[in-house]
Amino acid sequence: MRRRMRGVAVAAIALTSVMTMAACAKDSGGGSNNSNTGSGAACEFATPPTAPATSNTSSAAGEKVDGSALKVGLAYDIGGRGDASFNDSAAAGLDKALADFGIKKENTKELSAAPNEDESSKQTRLRQLAAEGFNPIIGVGFAYGESMKLVAAEFPNVKFGLVDAAVEGAANVTPLTFAEHEGSFLAGVIAAYQSKKCHVGFVGGVEIPLIQKFEAGYVQGAKAAAPKIQIEKKYITPAGDFTGFQDAPKGQEAAKGQIDKGADVIYQAAGASGKGIFSAAKQAGVLAIGVDSDQYNQATVADTKDVIVSSMLKRVDVAVYDFVKAVAKNDLASLPKVFDLKVNGVGYATSGGKIDAKLQGILEGYKAQIIEGKIKVADKP
């Protein structure tokens, strides 16, 4: 009897081994060759869409634009130039505009917001730029919406650009908005393919509708790639408390909590707080996905760049550059209504070499389906 039971046990072990090997054989990998259930094994992936045969790259190279007469004002959100994220992307757009359009450095001015400042401070900042003759003026962030509505009415001949929001009834304010959820969908696909445990995380700076767009797209993309994936979600601060965009220690704490639960890829949409999230990932030996800028190449996070597998590119640099160019040409109608995947207003970075050719092909397949409307990406969780 004991011999027969031992034989059954051996057969069961052998069968389990065969099933495990079969499950692994089903995996299709990108940066990691994995298979899963969301409980510590790697992901079992859905069949990905086929990448398009050709990529559609647009080029406006060679067009000469003279912006030498412009004085450009930039009002940054919290963190300003040097945040390695949202504001730095805007700064890069301004720098490129200066180089390409002949704008003199002395004819630019950059001012930054402070955490939890009152509305009058934003109004003063915008009003100062307008009174000093800067035109155009760009407000970097939806937080400038109410103040810009007031100040734009006071200076009807000044052209204002507003990142992430629109001002109803203000003819001299151009909205520069993005499809963050579309780019975040691709970040979710990346996270699934890079995870060894099929367990990933999302850390948002402040729980507001704009950042919830990042969460919504990320979750949808991760689940499209790996339906059984486990996803942790955390916001650093609630709506109304904007310090969540500039608190690296709290970002580190939030990421560590998710890593302790088993997440091994963390996507952050947290502004300067992302520096802490990268630190937590490095300390734990897991991966992270950056946001807005190609954060692998940002000097202020160079000590943690080895954990950055990719970044969701929100091309604020393109929007700022294109807006300045359109003002110089007196052709604001040429700007897109939304900077989405179709116009390369959002996307993903491949710096660091962790996105291999196979995964890039998968990403391009999903991207094509979003552009064609075959995949509708939600903008709310």
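Check the entry above for the structure.
Residues numbered from 1 in each chain as written. Predicted model: local features only at pLDDT ≥ 70, side-chain atom pairs only at ≥ 80, totals over all residues. Heavy atoms only, no water.

A. Quick peek at the environment of phenylalanine 101. Assignment of secondary structure puts phenylalanine 101 in helix H2 (residues 86-101). Those residues in contact with phenylalanine 101, other than ones at most four positions away along the chain, are Val65, Asp66, Gly67, Ser68, Tyr321, Val324 and Lys325. (Helix = DSSP H or I, 4+ residues; strand = E, 2+ residues; numbered from the N terminus. Contact = heavy atoms within 4.5 Å.)

B. How the structure looks around the packing of helix H5 (residues 180-194) against helix H10 (residues 357-371). Here H5 crosses H10 at 150°, and the two axes come no closer than 10 Å. Classified by the interaxial angle, the pair formed by H5 and H10 is roughly antiparallel. Pair H5 / H10 crosses with right-handed handedness. Contact with H5, carried on its side by Glu182, Phe185, Leu186, Val189, Ile190, Tyr193 and Gln194, involves Leu359, Ile362, Leu363, Tyr366, Lys367 and Ile370 of H10 and no other residues of that element. By residue class, the composition of the contact of H5 with H10 is 10 nonpolar, 1 polar and 2 charged. (Axes fitted to C-alpha atoms, helices over the stretch in contact; angles between N-to-C directions. Parallel < 35°, antiparallel > 145°, perpendicular 65-115°, else oblique. Left-handed = near helix turned anticlockwise from the far one by under 90°. Nonpolar A, V, L, I, M, F, W, Y, C, P; charged D, E, K, R; others polar.)

C. Representation of the sheet that holds strand S2 (residues 108-113). Within the open sheet, the 5 strands sit side by side as S2-S1-S3-S4-S5. Their pairing is parallel. Two strands close off the open sheet at either side, each with one partner strand: S2 and strand S5 (173-176). The mean inter-strand angle of the sheet, taken between neighbouring strand axes irrespective of direction, is 20°. Bridge count for strand S3 (residues 137-139) against strand S4 (residues 160-163) is 3 bridges, and the pairing is parallel. Its bridge partner lying in S4, glycine 139 is registered against leucine 162. The strands that H2 touches are strand S1 (72-78), S2 and S4; relative to S1, the one it contacts most, it runs at about 165°. (Pairing = 2+ DSSP bridges.)

D. Representation of the sheet that holds strand S9 (residues 287-292) in the model. Taken in spatial order, the 6 strands of this open sheet run S7-S6-S8-S9-S10-S11, and their pairing is mixed. Pairing within the sheet leaves two strands with one partner each, and these edge strands are strand S7 (230-237) and strand S11 (346-348). Averaged over all adjacent pairs, the angle separating strand axes in this sheet is 15°, with direction ignored.

E. Main features of H5. Given a rise of 1.5 Å per residue, 15 residues ought to cover 21 Å, and the 21 Å separating the end C-alpha atoms of H5 matches this to within 8%. Counting buried positions along H5 yields 15 of 15 residues, so the element is predominantly enclosed. (Expected span 1.5 Å × (residues − 1). Buried < 20%, exposed > 50% of the residue type's maximum accessible area, 1.4 Å probe, protein only.)

F. Examining the state of the cysteines more closely. Taken as a whole and judged by the stated rule, the model has 1 disulfide. Between the sulfur of cysteine 43 and that of cysteine 198 lies a disulfide, 2.0 Å long from S to S. Disulfide cysteine 43 to cysteine 198: torsion about the S-S bond roughly 100°, handedness right-handed. Residue cysteine 43 is located in the loop between helix H1 (2-26) and S1, and its partner cysteine 198 is located in the loop between H5 and strand S6 (199-206); the two are separated by 155 residues in the primary sequence. (Disulfide = S-S within 2.5 Å.)

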